[in-house]
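Secondary and tertiary structure notes
Spelled out, the chains give:
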Amino acid sequence: MTTATPRTLAEELRNRSDRGLTGLLRTRPDLLNPVPGDLTQLATRAGTRASVVRAVERLDTFALQTAEALAVAPDPCPYGMLAALMTGDAGNAAVAAALPGAVAVLRAQALVWGPDDRLRLVRTARELLTPSAARPSPTGLGPTVAEATAGMSPGRLQEILAAAGLPATHDPVSAVAALTALFADRSRMAALLESAPAEAAAVLDKLLWGPPYGAVTDRPAAHLRWLLDRGLLLPAGARNVVLPREAALRLRAGRAHRAPEPAPPALAPTTARDPQLVDKAAAGQAFTALATVEELLKEWDLGGPPVLRAGGLSIRDLKRTAVALDTAEPLAAFWLELAYAAGLIASDGEADERYAATPAAEDWLQLPDHERWAALVAAWLPATRTPGVVGTADPKGRALAALGPHLDRSPAPEVRHRVLTLLATLPPGTSVPEPALLARLRWERPLRAAAPAGRSPASPSPVPSSSPADDPDAPTATDDLRSRLAQWTLAEAELLGVTGRAALAAHGRALIGTDPNAAPPSTAPAPEAPGPEAPGPTPLTPAEATASAARAAALLAPLLPEPLDHVLLQADLTAVAPGPLRRPLAEALDVLADVESKGGATVYRFTPASVRRALDAGRSAAELQEFLTTHSRTPVPQPLAYLVDDVARKHGRLRIGAATAYVRCDDDALLSEILADRRAAALRLRRLAPTVLAAQSSPDQLLDGLRAMGYAPAAESAAGDVLVARADSYRTPPRTAPTPVPDGPPPPDRTLLEAAVRAIRAGDLAATAERKPTATPARPSTPALRADSPAPGALPRTTSAETLATMQAAVLTGSPVWIGYVNADGAASQRVIAPVRVEGGYVTAYDHTSDEVRTYPLHRITGVAELADDAV
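Every value quoted in this text rests on a predicted model; they were computed, and no experiment measured them. (Residues numbered from 1 in each chain as written. Predicted model: local features only at pLDDT ≥ 70, side-chain atom pairs only at ≥ 80, totals over all residues. Heavy atoms only, no water.)

**A look at the overall build of the protein chain**
Tallying secondary structure elements over the protein chain gives 34 helices and 25 strands in all. Per-residue burial over the protein chain gives 46% buried out of 872 residues. Restricting to contacts in the protein chain with at least 6 residues of sequence separation, those with at least 24 account for 67%. Total accessible area on the protein chain is roughly 40600 Å²; 56% of this is exposed by carbon and sulfur atoms. (Helix = DSSP H or I, 4+ residues; strand = E, 2+ residues; numbered from the N terminus. Buried < 20%, exposed > 50% of the residue type's maximum accessible area, 1.4 Å probe, protein only. Contact = heavy atoms within 4.5 Å. Areas by Shrake-Rupley, 256 points an atom, 1.4 Å probe, with all protein chains shown as cover.)

Shown next, in the form of structure tokens:
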């Protein structure tokens, strides 16, 4: 491993330790797909535009400001010059203290390389951040004097020198150097500006912090002519001028940015509450969330609304669902998407496709409350489908529908986790205003916060300003995607009971893998600036998320209300449930009565239709009376007992089956009464026998029609048995929950990183190891078989006899050799191996490239060369 000053990024990576390479691959996982063959490939891939854009977008504000300063500095840039650009002539202790860390972050991400006296920004990053007329720099600086005067005539340059009081020169290069030196000299620049008209100073003030470009007429005013004559404004087109960079820096007192931000905004002011009250409030919200999802499943038990041809739910059906859930349409969209993400609802896939509950919903309903909550939040946290965008327009101007396509926003999981992690840094029971949280998120990802929601964050595009402080007139809107995702996260976390009263609950801390008992003190200093890939703890792996959800559920379980096994029957045909009911009781009561009101206590009302519904479900009058007696803490009121008996007495006297449909009854007088009723005309009934009527309507229409006339018919099967109607009769086929759309490659685990670093090191060794020249003379007929000086990157070439002899000698001496190898698929590679045994046309060797013992057929080895003594 060389220790000389690196001349390229590849050489610097070669000087890094394995830990340094691991850190680079961890924070830039796109470099791992596929694993580079050597460090030269890794450096090349790290300099590609797509990878650099992705890395730059993940820089925090101060690291980005540092990179922007390097982009307007000479290349290479000494550290002292960079510090001067960041701190200015007056100095800034906070910026100076944070600058080494920012440079270390850029160097660790392979965006900057070289020693401190020769810092180099990688070429692609410099192209992205360097100012130009089409893409102004976030620093507000313009081109240099040399760049702005590139097409200027020598005579005009001499005129500018004379007007500025400088001696004439013999060539344009020395003229540009003289003008640049004038602008960089504080005393001479001050003397020049003292003679400037007042209006000229006002013009410079307007251009000082950017944009540095302005327009002039064919006959500029006197103060503009004064600036043009002295080079303080240089031509930038037919009628445009620009303030050169050197002049702007001198007027700014050497600062590249108006307001460097070395530290993240504080999460303040905070509001402290009793942590136990926060946990109880969150538990109440969690219980409400479970009840809402149950109500949704119950609403769609017999099949939900149809699926739109383009996918998703219609606006009308969304409104109906919102009315059924007694909530607003945006919240209804959230509950729909939550149930969909958890795999509880899906489309049935039939010809007339519609939504319905899935078989997984049955299993979910049987779980204890805390486990059902864990299943919901475990689906919510990594979901990329974003209900907040429902109702907004897609790129084609069409409204996005709930449960429809195009709702995925890949940054959503990272933003959710980061919002909850920031709340976890506060003491238990403490909340922070939303604007403070959004300001912190914008500092951590300034470019992603500024990117339009409709554009992929990895798409090459002009880099926007890194900080609103650089442009005081820039709006501080929160309509960017990342801010909206954070706002939706706060609202959804409150709805799910992850937070209570805007503070993270104890089970919420456990959900993101934070120990709820290890709370930071309220006077904790601001945390260190986060790294460029993921500030704070990284999102959990699926296994870690499952374990964290289980711990969170265990913390939530004691806070949830205990289900009751009784109700209070009242004389007005109502029943009051003073709390949540046990599931069998709640399900039975939902069939026997209608919910009249919800809240702390649920009120049920008994009606003839609800009692008939229970009888249709297979219950007898005696069973209903026993059920009411068993589960009521008050005596069964006489009106309720009469209601049950009266409906049961009429229930089933009429029987309806499929003829198309028929009605049969042992009481022929009752059938005569139906035939004589004018309301039955639409059913088109006729008597087939004294106890049988036939109809041209379907059985369902006949049932509804007779019930509307006040009768209580029952449906029967072809065998004459009463059909039992159950609420859970329709379910979709088994369905899997939607898969989140990842935001780039997943973060690699430790095993993959270690294996990748070993493979890259071994490949680099094979590509760069010094070979011993062979003593075999070159044959004129086969000059390509010489192994003493192979072309760079070419495989070694030797004859079969030479390959066998070299391998046998390497076995005896135990020395490694360099081979070219072609596998069965025809893919060629070069490897460094240490032969152990040669026999039967095969060589067994330790492969430094794959870090394992392998066997190679000799006929697939293109050639072999010995390594220099110090190559391994």
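**Observations regarding the nonpolar core**
For soluble globular proteins, the rule of thumb is that nonpolar side chains tend to be buried together. By size, the foremost hydrophobic cluster in this structure holds 89 residues, and its most contacted members are L25, L42, L82 and L233. The contacts of L233, once residues within four sequence positions are left out, are V203, L207, L224, L227, L228, V241, V242 and L243. The next biggest cluster of nonpolar side chains, apart from the first, holds 70 residues, and it includes W300, L365, L381 and L420. (Core = buried A, V, L, I, M, F, W, Y, C linked by side-chain atoms within 4.5 Å.)

**Here's the deal with the packing of helix α16 (residues 275-299) against helix α17 (residues 315-325)**
Interaxial distance between α16 and α17 falls to 10 Å at its minimum, and their mutual angle equals 125°. The orientation of α16 relative to α17 falls into the category oblique. Where α16 crosses over α17, the two elements pack in a sense that is right-handed. Contacts between α16 and α17 involve T292, E295, L296 and E299 from the former and T321, A324 and L325 from the latter. (Axes fitted to C-alpha atoms, helices over the stretch in contact; angles between N-to-C directions. Parallel < 35°, antiparallel > 145°, perpendicular 65-115°, else oblique. Left-handed = near helix turned anticlockwise from the far one by under 90°.)

**Quick word on the packing of helix α5 (residues 61-71) against helix α6 (residues 79-87)**
Contact geometry for α5 and α6: axes closest at 10 Å, N-to-C directions at 120°. Here the hand of the crossing between α5 and α6 comes out right-handed. Contact residues: α5 offers F62, Q65, T66, A69 and L70, while α6 offers L82, L85 and M86. For the contact of α5 with α6, the residue count by class is six nonpolar, two polar and no charged. (Nonpolar A, V, L, I, M, F, W, Y, C, P; charged D, E, K, R; others polar.)

**Considerations on the packing of aromatic side chains**
All told, the structure shown has three aromatic pairs when counted by the stated rule. Between W300 and Y355, the aromatic rings sit 6.0 Å apart at their centres with planes inclined by 25°, giving stacked as the arrangement. Highlighted residues: W300 in the loop between α16 and α17 and Y355 in strand β8 (residues 355-357), separated in sequence by 55 residues. Considered together, W300 and Y355 belong to a single accessibility category, that of buried residues. With centroids separated by 4.9 Å and ring planes inclined at 75°, the aromatic side chains of Y821 and Y856 adopt a geometry described as edge-to-face. Here Y856 lies in strand β24 (residues 852-857) and Y821 lies in strand β21 (residues 817-822), a separation of 35 residues in the sequence. There is no split in this pair, since Y821 and Y856 are both buried. Across the ring face of W364, the terminal group of R372 is positioned such that the distance to the ring centre comes to 4.9 Å. The ring of F627 carries the charged tip of R619 above its face, separated from the ring centre by 5.6 Å. (Phe/Tyr/Trp six-rings, centres within 6.5 Å; stacked < 30°, edge-to-face > 60°. Lys NZ or Arg CZ within 6 Å of the ring centre and 35° of its normal.)

**What about the sheet that holds strand β15 (residues 602-605)?**
Pairing within the open sheet is antiparallel, and its four strands lie in the order β12-β13-β15-β14. Of all the strands in the sheet, just β12 (568-570) and β14 (594-597) have a single pairing partner and so form its edges. Neighbour-to-neighbour, the strand axes of this sheet turn through a mean angle of 30°, independent of strand direction. Direction of pairing for strand β13 (residues 574-577) relative to β15: antiparallel, over a ladder of four bridges. Bridge pairing links T574 to R605 in β15. (Pairing = 2+ DSSP bridges.)

**Considering the environment of P413**
Among the secondary structure elements, P413 is positioned in helix α21 (residues 412-424). In the structure, P413 is positioned 30 residues away from A383 in sequence and 6.2 Å away in space, judged by C-alpha atoms. With residues near it in sequence (within four places) discarded, P413 still touches L381, P382, A383 and T384.

**A word on the pattern of salt bridges**
Scanning the entire structure with this criterion turns up 36 salt bridges. For E337, the salt bridge goes to R385, with nearest N and O atoms at 2.7 Å. Of this pair, E337 sits in helix α18 (residues 329-341) while R385 sits in the loop between α20 (369-380) and α21, placing them 48 residues apart in sequence. In this structure E337 comes out as buried when scored by relative accessible area, which is 4%. With relative accessibility at 13%, the residue R385 sits in the buried group. Measuring nitrogen to oxygen at the nearest pair gives 2.4 Å for the salt bridge that ties R372 to D369. Linking R372 with D369, this pair stays in helix α20, spanning three residues, or about one helical turn. D369 carries the same exposure label as R372, and that label is buried. (Salt bridge = Lys/Arg side-chain N within 4 Å of Asp/Glu carboxyl O.)

**Points about the sheet that holds β24**
Working definition: the strands of a sheet are paired by backbone hydrogen bonds and lie parallel or antiparallel to each other. Judged by pairing direction, the sheet is antiparallel, and its five strands sit side by side in the order β24-β23-β22-β21-β25 without closing on themselves. What marks the edges here is a single partner per strand, and that holds for β24 and β25 (861-866). Averaged over all pairs of adjacent strands, the angle between strand axes in this sheet comes to 45°, irrespective of strand direction. Pairing of strand β23 (residues 842-847) with β24, which is carried by six bridges, proceeds in the antiparallel orientation. If you follow Y846 over to β24, its bridge partner there is V853. Strand contacts of helix α34 (residues 800-813): β21, β22 (828-839), β23 and β25, with the helix running at about 65° to β22, the strand carrying the most contacts.

**Concerning the environment of W335**
Along the polypeptide, W335 turns up in helix α18. Here W335 falls in the buried class, since its relative accessible area comes to 5%. Residues W335 and E492, spaced 157 residues apart in sequence, show a C-alpha to C-alpha distance of 9.7 Å. Not counting chain neighbours up to four residues away, the residues in contact with W335 comprise A289, T292, V293, L296, L325, L495 and L496.

**Topic: the pairing of β14**
Summarising the sheet, β14 and β15 pair through three bridges and their orientation is antiparallel. Bridging from a neighbouring strand, D594 pairs with R605 of β15. Connecting the antiparallel pair β14 and β15 is a turn made up of four residues, with G599 showing a positive phi of about 150°.

**Regarding the environment of L141**
Position of L141 relative to the elements: it lies in the loop between α8 (123-129) and α9 (145-148). The exposure class of L141 is buried, given its relative accessible area of 1%. It is 7.7 Å that separates the C-alpha atoms of L141 and P244, two residues lying 103 residues apart in sequence. If sequence neighbours within four positions are ignored, L141 has contacts with V72, P131, P212, R245, A248, L249 and R252.

**With respect to unusual backbone geometry**
In this structure, P76 follows D75 across a cis peptide bond, with omega equal to 0°. Locating P76 in the fold gives a position in the loop between α5 and α6. Looking along the chain, the bond that leaves G210 and enters P211 is cis, with omega of -5°. Here P211 is to be found in the loop between α13 (198-208) and β3 (213-215). The backbone phi angle of D326 is positive, close to 55°, even though this residue is not glycine. Along the chain, D326 falls in the loop between α17 and α18. In this structure, L573 is a non-glycine residue whose phi angle is positive, near 65°. As for its placement among the helices and strands, L573 is situated in the loop between β12 and β13.

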